[in-house]
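Okay, here's what each chain looks like letter by letter:
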Amino acid sequence: MSATQTAPVQSVPAPVSFTAARLPRIAPVLVAAIALAAAALPVLFLGWGLVAWAVLAVVVFVVALPAWARVVEGRRGAVDRLMTALVWTACAVAVVPLLSLLWTVVDRGLPRISSTFLTYSMYRTSLDQEVGIYHALIGTLLITVGAAIISVPVGIMAAIYLIEYGKGNRLARWITFLVDVMTGIPSIVAGLFAFALFILIFGPSYRSGLGGSVALSLLMIPIVVRSTEEMLRLVPDELREASYALGVPKWRTIVKVVLPTALGGIVTGVTLSIARVVGETAPLLLIAGLTTRTNFNLFDGRMTTLPVLIFTQNANPGIAETPGGMRPGIEIAWGGALVLIAIVMVLNVVARVIGKIFAPKTGR
């Protein structure tokens, strides 16, 4: 007899899934809708306001979405959902007040904007004459340009010394320390310095836009130095070494290689420094003064800027023409605030355009 041998039966391995269970794509939207509805119930019964409703809805959303993800996706998915919700919440907390501020300024300032408002000064030749902010626009432009002329060359050359010549130097370490100190000084201190300087030189009655430019330059220089410093550090050393290998002297390497490579970032830093000081009020009240006339002379005479005008008009708003209406000084202040925000926005757009134009060209 021959024994019959049977082949062993091999078990079929179970299929391995490389994808974990996931919530549907619309899960955040569904949870957000449920959170809004759930938060509306106590708000309606307790008489809370809109802000309380939004805060309660955010809390419900941040708790409910990770809890659902914990059941379906596991612990890692729940942690990911929680951190994503917190990030979006932080973004909303930062953006909502900004949008509210912009809406308030546009809503209250836009009705005041007109050709007369932008082309007339506060100086009246008759009681029924319209007034505007032309003198403050000219003062803001001249003082800011004067501050940029003073601070931009000083800041860029100081940064060049710190990066290209002063590595490990004791003087460079002291300059860095002083720049850090100047970054945090209050603007009123810069105004007091400019006020004391010009009073000692020209006498106690001297007021001019040049003094305001000097005060603002003290606030601009640290920002220009720091931003230029960081941009120069980003320039690869290989570019410098290649230039030196061709026999190009160091100063020409800086002018022709290093600065053009970092020009986009430098221009952005300069524009940010201008946007930082264009809204300063305290130093200009001290040294530039206040006037209702348009002054084109930066070196003599009082000169008004938009922040100073906004401050003084809000402090002395006058009497409303109709009972319960907005007082004229408040209207001018809101209109000036809108124009000031528009100037800062234009400066930022110009900085981005210039940065893209002068940025190093990449590609093959």
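On a predicted model such as this, the values are computed, not experimentally measured, just so you know.

K.L.:
Help me understand the overall build of the protein, please; the structure alone is not making it clear to me.
P.N.:
For the protein, the count of helices and strands is 13 helices and zero strands. Reading the helices (α) and strands (β) of the protein from amino to carboxyl end gives α-α-α-α-α-α-α-α-α-α-α-α-α. When its C-alpha atoms are laid out on the principal axes, the protein stretches across 130 × 75 × 35 Å. Within the span of the protein, comprising 364 residues, buried residues form 35% of the whole. Here the analysis covers contacts within the protein between residues at least 6 apart in sequence; of these, 69% occur between residues at least 24 apart. Accessible area of the protein: about 22,400 Å², with a carbon and sulfur share of 69%. On the protein, the mean spot of the 27 positive side-chain charges and the mean spot of the 16 negative ones are 6 Å from each other.

K.L.:
Could you clarify how one ought to interpret the side chain of Arg81 in this entry?
P.N.:
Of note, Arg81 is situated in helix H3 (residues 75-109). Not counting residues within four places of it along the chain, the set of residues in contact with Arg81 comprises Arg22, Leu23, Pro28, Leu65, Pro66, Ala69 and Glu73.

K.L.:
Just to check I follow, could you spell out helix H6 (residues 170-183) for this structure?
P.N.:
If you check H6, its first and last C-alpha atoms are 20 Å apart, about what 14 residues at 1.5 Å a residue would give, namely 20 Å. Capping the start of H6, Asn169 holds a side-chain oxygen 3.1 Å from the backbone nitrogen of Leu171, two or three residues further along.

K.L.:
Would you explain the environment of Leu30 in this entry?
P.N.:
Structurally, the position occupied by Leu30 is in helix H1 (residues 27-46). For Leu30 and Leu65, which are 35 residues apart along the polypeptide, the C-alpha to C-alpha distance reads 9.4 Å.

K.L.:
I would appreciate a short explanation of the packing of helix H5 (residues 134-165) against helix H8 (residues 209-233) in the present structure.
P.N.:
For the pair H5 and H8, the least separation of the axes is 6 Å and the interaxial angle reads 35°. The two elements H5 and H8 meet at a crossing, and its hand is right-handed. Looking at the contact of H5 with H8 residue by residue, the classes come out as 20 nonpolar, eight polar and two charged.

K.L.:
What is the right way to look at the UniProt feature "transmembrane region" (unreviewed entry) in the protein in this model?
P.N.:
Following the UniProt record, one finds the feature "transmembrane region" (unreviewed entry) at residues 26-45, 51-71, 83-106, 133-163, 175-202, 208-225, 257-278 and 332-354. As a span, residues 51-71 carries 100% helix and 0% strand, and end to end its C-alpha atoms are 31 Å apart. Within residues 133-163, the helical portion is 97% and the strand portion 0%, while the C-alpha atoms at the span's ends are 43 Å from each other.

K.L.:
Help me understand H3 in this model?
P.N.:
Since one α-helical turn is 3.6 residues long, residues separated by three or four positions face the same way. An ideal rise of 1.5 Å per residue puts 51 Å on 35 residues; H3 measures up with 51 Å between its terminal C-alpha atoms. Along H3, the residues that are buried comprise Gly77, Ala78, Arg81, Ala85, Val105 and Gly109. Buried-residue contacts for H3 involve H1, helix H2 (50-72) and helix H13 (328-358).

The rules behind each value
- Residues numbered from 1 in each chain as written.
- Predicted model: local features only at pLDDT ≥ 70, side-chain atom pairs only at ≥ 80, totals over all residues.
- Heavy atoms only, no water.
- Helix = DSSP H or I, 4+ residues; strand = E, 2+ residues; numbered from the N terminus.
- Buried < 20%, exposed > 50% of the residue type's maximum accessible area, 1.4 Å probe, protein only.
- Contact = heavy atoms within 4.5 Å.
- Areas by Shrake-Rupley, 256 points an atom, 1.4 Å probe, with all protein chains shown as cover.
- Lys, Arg positive; Asp, Glu negative; His and termini not counted.
- Charge placed at Lys NZ, Arg CZ, Asp CG, Glu CD.
- Expected span 1.5 Å × (residues − 1).
- Polar contact = N/O pair within 3.5 Å; in protein donor to acceptor, adjacent residues only side chain to side chain.
- Axes fitted to C-alpha atoms, helices over the stretch in contact; angles between N-to-C directions.
- Left-handed = near helix turned anticlockwise from the far one by under 90°.
- Nonpolar A, V, L, I, M, F, W, Y, C, P; charged D, E, K, R; others polar.
- UniProt positions renumbered as here; feature names shortened; annotations may be inferred.

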